[in-house]
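Structural overview for review
Below are the chains, spelled out letter by letter.
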Amino acid sequence: MRRTKCCLLLFVLLIHNGCCIKWLALGHSSNEIQQPWTREACTGLRSAGILERKQARACRAAPEVMPSLVQAAIDTSAVCQHSFRNRRWNCSNIERAPDYTPELLTGTREQAFVYAMSAAAAVWRLARGCALGSLASCSCATPPRREPPSPSALTSAFSASSITFGGLASRSSFKWGGCGDDVRSASRIAKRFLQGASPPAFGSTGKFLHAVNMHNHRAGRRAVEQSLSLECKCHGVSGSCSVRTCWRGLGSSGPAVAGARLLRRYATAAEVRPRSGGRLPPLYHHDNLLYTTKSPDYCSPDKNRGSLGTIGRQCNGSSSGYEGCEYLCCGRGHVTKTEEILERCECKYISCCYVKCKTCRSIVKTYECN
Ligand SMILES: *[C@@H]1O[C@H](CO)[C@@H](O)[C@H](O)[C@H]1NC(C)=O
Ligand SMILES: *[C@@H]1O[C@H](CO)[C@@H](O)[C@H](O)[C@H]1NC(C)=O
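These numbers were taken from a predicted model, which means no experiment stands behind them.

**Describing the packing of aromatic side chains**
The final tally for this structure, using the stated rule, is 7 aromatic pairs. When the centroid spacing of 6.4 Å and the interplanar angle of 45° are considered together, the rings of Trp89 and Tyr298 count as tilted. Of this pair, Trp89 sits in the loop between α4 (66–83) and α5 (109–131) while Tyr298 sits in the loop between β5 (290–291) and β6 (314–315), placing them 209 residues apart in sequence. The two residues Trp89 and Tyr298 agree in class, both being buried. Geometrically, the ring pair formed by Tyr322 and Tyr327 is edge-to-face, given 5.7 Å between the ring centres and 70° between the ring planes. On the accessibility criterion, Tyr322 (42% relative accessible area) is partly exposed. In this structure Tyr327 comes out as partly exposed when scored by relative accessible area, which is 35%.

What follows is the structure, encoded as structure tokens:
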């Protein structure tokens, strides 16, 4: 009896919980043919289980947001797999969207990262869409109300940026201008789309997990707001920079910036337990990632928990970090393979159209987990 009840509960959980990241399947290349975003395309994605009902409605009502979301889905997968490439859990299961494995359904720390990252990528790409003028409901951010920072403060703020003002900094004037990234509007659009799913109608565990998922979404959106930095452009006679306009922008490196922030939060994620009514305990800061289920150690294959195991994974023989054989292979040891690589080398230019090369051999050692 107990067992049936437990399985039923798990079943209910699994039905509801993939809810809000199924749209990550938009990033699969086969979906690129969905464009243009007609009503039929949106409805088709609903039937394919990639969009929730409310998301499909949003897609039909504002199809212009869809290209940003497709890009966000691609980014989420790329940033996640890059961030975790050397770890036991390497995020490869994200590619299974919309049919997720249990570790991305049961409220683990990994799920928290993916939810947060997907929201961050969505806000980022939507904000770019706003600035490019491709979305109807937003454009550039309203400039901050406060005065621009004083020139001296500015020079130090810029030490990490690509723009340097040299000695001119203190003499040139500064005004808000350009096109600031409208992260606030983008965040609103992303929220409407991502939280399009309602919490499960029954089961307090499901409700609680939904609340946790929504919290992690918000943490992801906030990570983008926190990634805004001051960007400026110089004006004036022959680059004298006597006037410059500045705005708060997201820079050109893409959502990976927010991903790095979220990866740090993944390390310090907090476990939460349900309280009555399926609500979140109030003491957690907005920026924290939260999880409800302890992760497996991902050492050996376990289908029921979403662990692929690390057998056959490449590891680093001299590192003591996550990618080191010691940790990655979970103490099972590893095999060392030596491979001889032949390459063209020491090429000499003989005459037009003819280059003579030698063949060099090098030995490359690779390590693989048992
Ligand atoms: C990720 O881990 C899985 C399971 O161990 C493995 O099959 C896959 O090759 C890994 N992917 C990368 C990019 O290392
Ligand atoms: C292995 O780890 C060492 C030490 O961290 C590092 O210097 C080296 O580049 C790594 N090798 C590979 C192939 O990643």
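**Examining the site of ligand 2**
In the vicinity of ligand 2, the residues found are Asn316, Ser318 and Ser319. When the free accessible area of ligand 2 is taken as 360 Å², the share hidden by the protein chains comes to 26%.

**Let's talk about the pairing of strand β8 (residues 354–369)**
Each regular strand displays side chains that alternate between the two surfaces of the sheet. One ladder, built from 2 bridges, connects β6 with β8; its direction is antiparallel. Counted as the bridge partner of Gln314 is Glu368 from β8. Looking at chain direction, strand β7 (residues 334–351) and β8 are connected through 15 bridges and run antiparallel. Of the residues in β8, the one forming a bridge with Tyr349 is Val355. Linking β7 back to β8 in an antiparallel pair, the connection comprises 2 residues, with Cys353 at a positive phi of about 75°.

**Focus on the pattern of salt bridges**
A full pass over the atoms with the stated rule returns 8 salt bridges. One salt bridge in this structure joins Arg128 and Asp181, with 3.2 Å as the shortest N-O distance. Of this pair, Arg128 sits in helix α5 while Asp181 sits in the loop between β1 (173–176) and α7 (183–194), and the two are 53 residues apart along the sequence. Take Asp181: its relative accessible area is 5%, and that puts it in the buried class. Notably, a salt bridge pairs Arg361 with Glu340, separated by 3.0 Å at the nearest N-O pair. Separated by 21 residues along the polypeptide, Arg361 in strand β8 and Glu340 in strand β7 bring together distant segments of the chain. On the accessibility criterion, Glu340 (47% relative accessible area) is partly exposed. Three or more residues joined by partner-sharing salt bridges are found here, namely Glu271, Arg273 and Lys294.

Reading the values: rules and limits
Residues numbered from 1 in each chain as written. Chains lettered and ligands numbered in written order. Predicted model: local features only at pLDDT ≥ 70, side-chain atom pairs only at ≥ 80, totals over all residues. Heavy atoms only, no water. Phe/Tyr/Trp six-rings, centres within 6.5 Å; stacked < 30°, edge-to-face > 60°. Helix = DSSP H or I, 4+ residues; strand = E, 2+ residues; numbered from the N terminus. Buried < 20%, exposed > 50% of the residue type's maximum accessible area, 1.4 Å probe, protein only. Near = heavy atom within 4 Å. Areas by Shrake-Rupley, 256 points an atom, 1.4 Å probe, with all protein chains shown as cover. Pairing = 2+ DSSP bridges. Salt bridge = Lys/Arg side-chain N within 4 Å of Asp/Glu carboxyl O.

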